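Each chain is listed here by its residues.
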Amino acid sequence: MSQYKEILLTKRPDGNPIGPRLFEVVEKNIPTPAPGEFLIKQTHMSMDPAMLGWMMPDEDSYIPPVALGSRMRSSGFGEVVASNHPDFSVGDKVMGMIGWTEYALSSGQGINKLSSDIDAETALSVFALPGLTATQGLFNIGQPKQGETLVVTGAAGSVGSIVGQLAKAEGLKVIGVVGSDEKADWIVNELGFDGAINYKTDNLQEKLAELTPDGVDLFFENTGGAIQQHIFDRMNVHGRIVVCGMIADYTAATPSPGPNWIPLIKKRITVQGFAMPDHFGEVPQLLAKLTPYVLEGNIKYRSHVLEGLESAMTALNLFFTGENEGKLMIRL
């Protein structure tokens, strides 16, 4: 009988780089679907910053941590290769929470069929968690208005780049915060952002003042870090802060201190955190909102593709170093 590989999480992160010591690679026999099941051959796995949080032992979160000894959680793209399910046929392209594995049985829960003309990189870069997260956060929480100024951190990342492009399509002024001059050039000259800040080399306070002379109406936070306070200080009256990610603090022993709340009162600022598992029931509506922007050519993306299942065990470190260039994924 043919076998396949999957990767189990066996230890929690300890502050050191993520690596094979935290995982176990196991081989299993490829299963046969029972009635009501189908078998997915996964071809691409999505690597997302949220996965770092899922590996931690925190039970007081929006989603339970990955249990030790179980398959590491991730979303992915694949093809149905065997089916005993009335709604899924051999050859169907599917996307959903599949995990770090080459094959997976499914009952259909959490798995969505895709049009045959959508390739894996487009699916995971735009229509999976990045695009859904960007759409939910920007429109349903941020409530953008034409003419406003948006600052988005992690602006060259999979979520931040889509947030900025959607906001530009809605007539906002968009400033992105990135970690390299190459990324700054990409978001301005390729994606159409109005300006970029390199948080590693720019004078943050001066650069923000230069690029946001009318203040900041909408702040989409993906990273945390030193620039957070400076953006907060430039918020306008009735500004909105959408808190999507804080990768700078996910594995820190002591989280960075947050801004003082007095300006929240003076300026009547709204701050809201969100997590996509709360909104998985709204995926059809979010896709309906996002798809026209894609079809009209308003959304560009780039993928950073690593090869082989086992490369996932070190891939997440690229989020800490900033070396990922576009949507990070693994091709199996």
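The structure under discussion appears in the preceding block.
Residue positions are counted from 1 within each chain, in the order its sequence is given. Local features in a predicted model are, by the rule used here, given only for residues with pLDDT of at least 70; side-chain atom pairs are given and counted only at 80 or more, and totals for whole chains, interfaces and linings are based on all residues. Calculation of side-chain values draws on the structure's entire complement of heavy atoms; hydrogens and water are dropped beforehand.

*Asks:* Sorry, what's going on with the packing of helix α2 (residues 120-127) against helix α3 (residues 129-142) here?
*Replies:* Angle between the axes and distance between the axes: these two values describe a pair of packed helices. A fitted line through C-alpha atoms represents every axis, and for helices the fit uses only the stretch in contact; the resulting angles, taken between N-to-C directions, go from 0 to 180 degrees. Starting at the N terminus, helices and strands are each numbered in turn, a helix being any DSSP run of H or I of at least four residues and a strand any DSSP run of E of at least two. At a closest axis distance of 4 Å, the pairing of α2 and α3 adopts a crossing angle of 25°. The angle between the axes of α2 and α3 places the two elements in the roughly parallel class. For the pair α2 and α3, contact is made by L124, S125, V126 and F127 and by P130, G131 and L132, respectively. Of the residues contributing to the contact of α2 with α3, the split by class is five nonpolar, two polar and no charged. Oblique is the label for any angle not covered by the other classes, which are roughly parallel (under 35 degrees), roughly antiparallel (over 145) and roughly perpendicular (65 to 115). Two residues form a contact once any of their heavy atoms are found within 4.5 Å. Residue type decides the class: Asp, Glu, Lys and Arg count as charged, Ala, Val, Leu, Ile, Met, Phe, Trp, Tyr, Cys and Pro as nonpolar, and the leftover types, Gly among them, as polar.

*Asks:* Just to check I follow, could you spell out the side chain of H44 for this structure?
*Replies:* In this fold, H44 is placed in strand β3 (residues 38-46). A distance of 2.9 Å separates the side chain of H44 from the side chain of T43, its partner in a polar contact. Residues contacting H44, with those up to four places away along its chain left out, are G76, F77, A120, L124, M329, I330 and R331. Here a polar contact means two N or O atoms within 3.5 Å. Within protein one must be a hydrogen donor candidate and the other an acceptor candidate, and residues neighboring in sequence count only if both atoms are side-chain atoms.

*Asks:* Is there a simple way to explain the sheet that holds strand β2 (residues 23-29) in this structure?
*Replies:* What links the strands of a sheet is backbone hydrogen bonding, and the strands pair in either a parallel or an antiparallel sense. Pairs of strands are assigned from DSSP output, requiring at least two bridges between the strands. Spatial ordering of the open sheet is given by β2-β1-β4, a layout of three strands whose pairing is antiparallel. Every interior strand has two partners, whereas the edge strands, β2 and β4 (70-71), have only one. Taken together, the seven bridges between strand β1 (residues 3-9) and β2 define a ladder with antiparallel strand orientation. Bridged to K5 within β2 is E27.

*Asks:* So what exactly am I meant to see when it comes to the pattern of salt bridges here?
*Replies:* Salt bridges are identified by distance alone: a Lys or Arg side-chain nitrogen within 4 Å of an Asp or Glu carboxyl oxygen. A complete count under the given rule lists eleven salt bridges for this structure. A salt bridge links E121 to R331; the nearest nitrogen and oxygen atoms lie 4.0 Å apart. With E121 in helix α2 and R331 in strand β16 (residues 327-331), this residue pair connects regions lying 210 residues apart in the sequence. Three labels apply to residues, based on accessible area from a 1.4 Å probe with only protein chains included: buried if under 20% of the type maximum, exposed if over 50%, partly exposed otherwise in between. A relative accessible area of 24% places E121 in the partly exposed class. For R331, a relative accessible area of 31% corresponds to the partly exposed category. In this structure, E307 engages R331 in a salt bridge whose closest nitrogen and oxygen atoms are separated by 2.3 Å. Taken together, the positions of E307 in strand β15 (residues 303-307) and R331 in strand β16 put the pair 24 residues apart, joining distant regions of the chain. Beyond isolated ion pairs, a larger network of salt bridges with shared partners links E6, K28 and R71.

*Asks:* Could you clarify how one ought to interpret α3 in this entry?
*Replies:* Three or four residues apart is the spacing at which side chains of an α-helix point the same way, because the helix has 3.6 residues per turn. By the criterion of burial, α3 is predominantly enclosed, with 13 of the 14 residues buried. Phi for Q143, located one or two positions after α3, is positive at around 50°.

*Asks:* Mind showing me how you'd approach the pairing of strand β5 (residues 75-83) here?
*Replies:* Direction of pairing for β3 relative to β5: antiparallel, over a ladder of seven bridges. Note on β5: the bridge partner recorded for F38 is S83. With five bridges connecting them, β5 and strand β6 (residues 93-97) associate as antiparallel partners. Counterpart to S75 in the pairing with β6 is M97.

*Asks:* Looking at this model, I keep getting lost on the sheet that holds strand β12 (residues 216-221). Mind explaining?
*Replies:* Judged by pairing direction, the sheet is parallel, and its six strands sit side by side in the order β11-β10-β9-β12-β13-β14 without closing on themselves. The strands lining the two open edges of the sheet, one partner per strand, are β11 (195-198) and β14 (270-273). Neighbour-to-neighbour, the strand axes of this sheet turn through a mean angle of 15°, independent of strand direction. In this sheet, strand β10 (residues 173-178) lies alongside strand β9 (residues 149-153) in parallel orientation, the contact comprising five bridges. Note that in β10 the partner of T153 across the bridge is V177. Strands in contact with α3 are β12, β13 (235-243) and β14; relative to β12, the strand with the most contacts, it is inclined by about 145°. Where helix α5 (residues 181-189) meets the sheet, its contacts fall on β10 and β11, and the angle it forms with β11 comes to roughly 165°.

*Asks:* Honestly, the packing of aromatic side chains in this entry has me stumped. Any pointers?
*Replies:* How two aromatic rings sit relative to each other is set out by the distance from centre to centre and by the angle between their planes. When two rings of Phe, Tyr or Trp (its six-membered ring) have centres within 6.5 Å they constitute a pair, described as stacked for plane angles under 30 degrees, edge-to-face for angles over 60, and tilted for the intermediate range. Scanning the model with the defined rule gives five aromatic pairs in all. Look at Y4 and Y103: their rings are 5.9 Å apart centre to centre, the planes differ by 65°, and that puts the pair in the edge-to-face class. Of this pair, Y4 sits in strand β1 while Y103 sits in strand β7 (residues 103-106), and the two are 99 residues apart along the sequence. Judged on exposure class, the residue Y4 and its partner Y103 are both buried. Ring centres of F220 and F274 lie 6.5 Å apart, and the angle between their planes is 80°; this geometry places the pair in the edge-to-face category. Placement of F220 in strand β12 and of F274 in the loop between β14 and α9 (283-295) is noted, with a sequence separation of 54 residues between them. Look at F220 and you get buried, because its relative accessible area is 1%.

*Asks:* Before we go on, may I ask you to explain the pairing of β16 in this structure?
*Replies:* In summary, the side chains of a regular strand alternate between the two faces of the sheet. Of all the five residues making up β16, four are buried; the element is thus mostly covered by neighbouring parts of the structure. Sheet topology places β3 next to β16; three bridges connect them, and they run antiparallel. Across the sheet, residue M45 finds its bridge partner in β16, namely I330. Pairing analysis gives five bridges linking β15 to β16, with the strands arranged parallel. In the sheet register, H304 faces β16, and the bridge partner there is L328.

Note that every value here comes from positions in space, so none of it alone points to a role or purpose.
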